[in-house]
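Close look at the chain arrangement
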Amino acid sequence: RLTPVLDSAGLAKWPTGLSQTVTNEHVNALSDLYSSTNGCEWAWYDSIPGVPWNFTGYDPGSADVTVDPCLSEWEGVRCDCPSSSICNIVGLNLTNHKLNGYLPSSLDQLSNLISLCLAENSISDIVPSSLGNIMPLQVLMLQSNEFTGSIPDTLSDLTDLRWLDLSRNMLNGSIPDNLFNALDNLGVFLVFNNHITGTIPSNVSRLSNLTLFNVHNNSLEGHIPSFTASNASLTTLTLSFNVFTGT
């Protein structure tokens, strides 16, 4: 594990022979997340590998970024390093780390992110529509927070998405009609224990990889879509405590 040293001016510098491996945009996005969710109050765990996030000497307006979460092995940050000088942040897992605030729209600057897990915190406000710009995203777990507003229709652009968990929040509005248009890889869809209204989009029946679908305890209405042979992988379907009609 490597940490920068302070020069005579009090600025962080990497030891001789080492340089920053991540892009400025990635570090800026993490800084925005840290600031918008009161990072100084986050919880850190000895049982989880890595060190607490540290932005000492960091200037987001500078082209010379002196913070490197991959070289320093920050807790909850997973990196993929194809070479000694290039690392991509591919995973964030800050489950139950006492995040409190809102998610910044700049998270989409983490353009290589495959997994984003921020469950069991106290994050409020809306789910940013900009998350739909993180094209490699396969796992999005935001359950057990205090999100309000509706499910962003931009999530329909995440064609690699396999696991979407927005359960146990305070989401309202309807499930976007276009949400399932291109989510061919979606296997898990969990939005139970929210305040979602409207109907379940009929094109949910086209999701051939769907294994788990749970919309329990919302205010969904109308007819239940036909879960047909195209949903052959479906093992768990939970629709209880809604106001569906028909047979």
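The structure we're discussing is the one just above.
Residues numbered from 1 in each chain as written. Predicted model: local features only at pLDDT ≥ 70, side-chain atom pairs only at ≥ 80, totals over all residues. Heavy atoms only, no water.

In sheet architecture, strand pairing relies on hydrogen bonds along the backbone and comes in two forms, parallel and antiparallel. Read from one edge of the open sheet, 8 strands run 3-4-6-8-10-11-12-14, paired in mixed fashion. Each end of this open sheet is capped by a strand with a single partner; those strands are strand 3 (77-83) and strand 14 (236-238). Mean inter-strand twist for the sheet, computed between neighbouring axes without regard to direction, equals 15 degrees. (Pairing = 2+ DSSP bridges. Helix = DSSP H or I, 4+ residues; strand = E, 2+ residues; numbered from the N terminus. Axes fitted to C-alpha atoms, helices over the stretch in contact; angles between N-to-C directions.)

Turning our eyes to something else, we now look at the nonpolar core. Trp53, Phe180 and Phe189 are the most contacted members of the largest nonpolar core, which has 57 residues in total. For this core, the secondary-structure elements that each account for two or more residues are helix 1 (24-36) and strand 4 (86-93). Per-element tally for this core: the top contributor is helix 1, with 4 residues. Not counting residues within four places of it along the chain, the set of residues in contact with Phe189 comprises Leu164, Ile175, Leu179, Phe180, Leu210, Leu212, Phe213, Asn214 and Val215. (Core = buried A, V, L, I, M, F, W, Y, C linked by side-chain atoms within 4.5 Å. Buried < 20%, exposed > 50% of the residue type's maximum accessible area, 1.4 Å probe, protein only. Contact = heavy atoms within 4.5 Å.)

Let's shift gears to the state of the cysteines. Counting across every chain of the model gives 2 disulfides. At a sulfur-sulfur separation of 2.1 Å, the disulfide partner of Cys70 is Cys79. On the sign convention where negative is left-handed, the bridge of Cys70 and Cys79, at about -85 degrees about the S-S bond, is left-handed. Here Cys70 falls in the buried class, since its relative accessible area comes to 11%. (Disulfide = S-S within 2.5 Å.)

On to the side chain of His97, then. Within the element layout of this structure, His97 appears in the loop between strand 4 and strand 5 (100-101). By relative accessible area, His97 is classed as buried at 1%. A polar contact is formed between the side chain of His97 and the side chain of Glu75, at a distance of 2.8 Å. A distance of 2.8 Å separates the side chain of His97 from the backbone oxygen of Thr95, its partner in a polar contact. If we skip the residues at most four places from it in the chain, His97 touches Trp42, Ala43, Trp44, Tyr45, Ile48, Glu75 and Asn121. (Polar contact = N/O pair within 3.5 Å; in protein donor to acceptor, adjacent residues only side chain to side chain.)

On the basis of which strands lie adjacent, the open sheet formed by 3 strands has the order 5-7-9 and parallel pairing. A strand with exactly one partner marks an edge of an open sheet, and here the two such strands are strand 5 and strand 9 (146-147). In the sheet, strand 5 pairs with strand 7 (residues 122-125) via 2 bridges, with the strands oriented parallel. Each residue of the ladder has a partner; that of Gly101, found in strand 7, is Ile123.

Attention now moves to the pairing of strand 3. As judged from the 5 bridges shared by strand 3 and strand 4, these two strands associate in the antiparallel manner. Looking at the pairing, Asp80 lines up with Asn88 of strand 4. Linkage of strand 3 to strand 4, two consecutive antiparallel strands, is achieved through a turn of 2 residues.

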